[in-house]
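Close look at the chain arrangement
Residue strings, one per chain:
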Amino acid sequence: QVQLVESGGGLVQAGGSLRLSCVASGSIFSIVTITWYRQAPGKQRESVATITRGGFADYADSVKGRFTISKDNAKNTVYLQMNSLKPEDTAVYYCNTGPYAMYDWGKGTLVTVSS
């Protein structure tokens, strides 16, 4: 079973930036679509950004133009560069396959954006 470990979260002021990383225990990013999800307190988990095995990226409207997803297959790592952060981006961020999660969820990484 592949394990996914997210990191890079933290506390940042509105307008700031963070870069999240998702490391897989196996070489999967060249064969599956990976999605960054987030779950804010009291809300359902939602998809934020997706990158296909071929490198095509897609974004939720709420983050389009601010977030960039990328990957390094050799390092088994997917990144999420988050710029111009807003308080409404506050959530726990997870990575998994998309559009449906195939692997067990990791612990996620908490992003808190202060106003």
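The coordinates are above.
Residues numbered from 1 in each chain as written. Predicted model: local features only at pLDDT ≥ 70, side-chain atom pairs only at ≥ 80, totals over all residues. Heavy atoms only, no water.

1. Notes on the state of the cysteines
Applicable threshold: Here, a disulfide means two cysteine sulfur atoms that sit within 2.5 Å of each other. Here a helix means four or more residues in a row that DSSP labels H or I, a strand means two or more in a row labelled E, and each is numbered from the N terminus. Burial here depends on accessible area, computed with a 1.4 Å probe over protein chains only, as a share of the maximum for the residue type. Under 20% is buried, over 50% is exposed, and the range in between is partly exposed.
The tally for this structure, following the rule as stated, stands at one disulfide. The disulfide bridge from cysteine 22 ends at cysteine 95, spanning 1.9 Å between sulfur atoms. Its S-S torsion of about 70° marks the bond between cysteine 22 and cysteine 95 as right-handed, since a negative value means left-handed. Residue cysteine 22 is found in strand 3 (residues 18–24), and its partner cysteine 95 is found in strand 9 (residues 91–97); the two are separated by 73 residues along the sequence. Look at cysteine 95 and you get buried, because its relative accessible area is 0%.

2. Some thoughts on the packing of aromatic side chains
Selection criterion: Classification of ring pairs uses Phe, Tyr and Trp, with its six-membered ring standing for Trp, and accepts pairs whose centres are within 6.5 Å; under 30 degrees between planes counts as stacked, over 60 as edge-to-face, and the remaining range as tilted. Here, a charge over a ring means that NZ of Lys or CZ of Arg falls within 6 Å of the ring centre while also lying within 35 degrees of the ring normal.
Inspection of every chain in the model, using the stated rule, returns two aromatic pairs. For the pair tyrosine 37 and tryptophan 105, a centre-to-centre distance of 5.1 Å together with 85° between the ring planes defines the contact as edge-to-face. Here tyrosine 37, found in strand 4 (residues 34–39), pairs with tryptophan 105, found in the loop between strand 9 and strand 10 (109–114); they are 68 residues apart in sequence, far enough to count as distant. Seen from their ring centres, tyrosine 94 and tryptophan 105 are 5.7 Å apart, and the 75° between their planes marks the pair as edge-to-face. One end of the pair, tyrosine 94, is in strand 9; the other, tryptophan 105, is in the loop between strand 9 and strand 10, with eleven residues separating them in the sequence. Here tyrosine 94 falls in the buried class, since its relative accessible area comes to 11%. The class for tryptophan 105 is partly exposed, based on a relative accessible area of 35%. A network of ring pairs unites the aromatic residues Tyr37, Tyr94 and Trp105 as a single cluster. The ring of tyrosine 94 has arginine 45 sitting right over it, with the charged end atom 4.3 Å from the ring centre. The cationic tip of arginine 45 hangs over the ring face of tryptophan 105; the distance from NZ or CZ to the ring centre is 3.8 Å.

3. A look at the sheet that holds strand 10
Note the threshold: Paired strands, as defined in this entry, are two strands with at least two bridges between them according to DSSP. The axes used here are C-alpha line fits, helices contributing only the stretch in contact, and every angle between their N-to-C directions lies in the interval 0 to 180 degrees.
Pairing is mixed in the open sheet, where six strands are placed in the order 2-10-9-4-5-6. The open sheet is flanked by strand 2 (10–13) and strand 6 (57–59), the only strands paired with a single partner. Each strand of the sheet is rotated relative to its neighbour by a mean of 25°, with strand direction disregarded. Inspection of the sheet shows strand 9 paired to strand 10 by three bridges, in the antiparallel sense. Bridging from a neighbouring strand, tyrosine 93 pairs with threonine 109 of strand 10.

4. Details of the pairing of strand 1 (residues 4–7)
What you see with strand 1 is a clean split: Leu4 and Glu6 sit on the buried side and Val5 and Ser7 on the side with no burial. Judged from the four bridges that link them, strand 1 and strand 3 form a sheet pairing that is antiparallel. The partner of valine 5 across the bridge, within strand 3, is valine 23.

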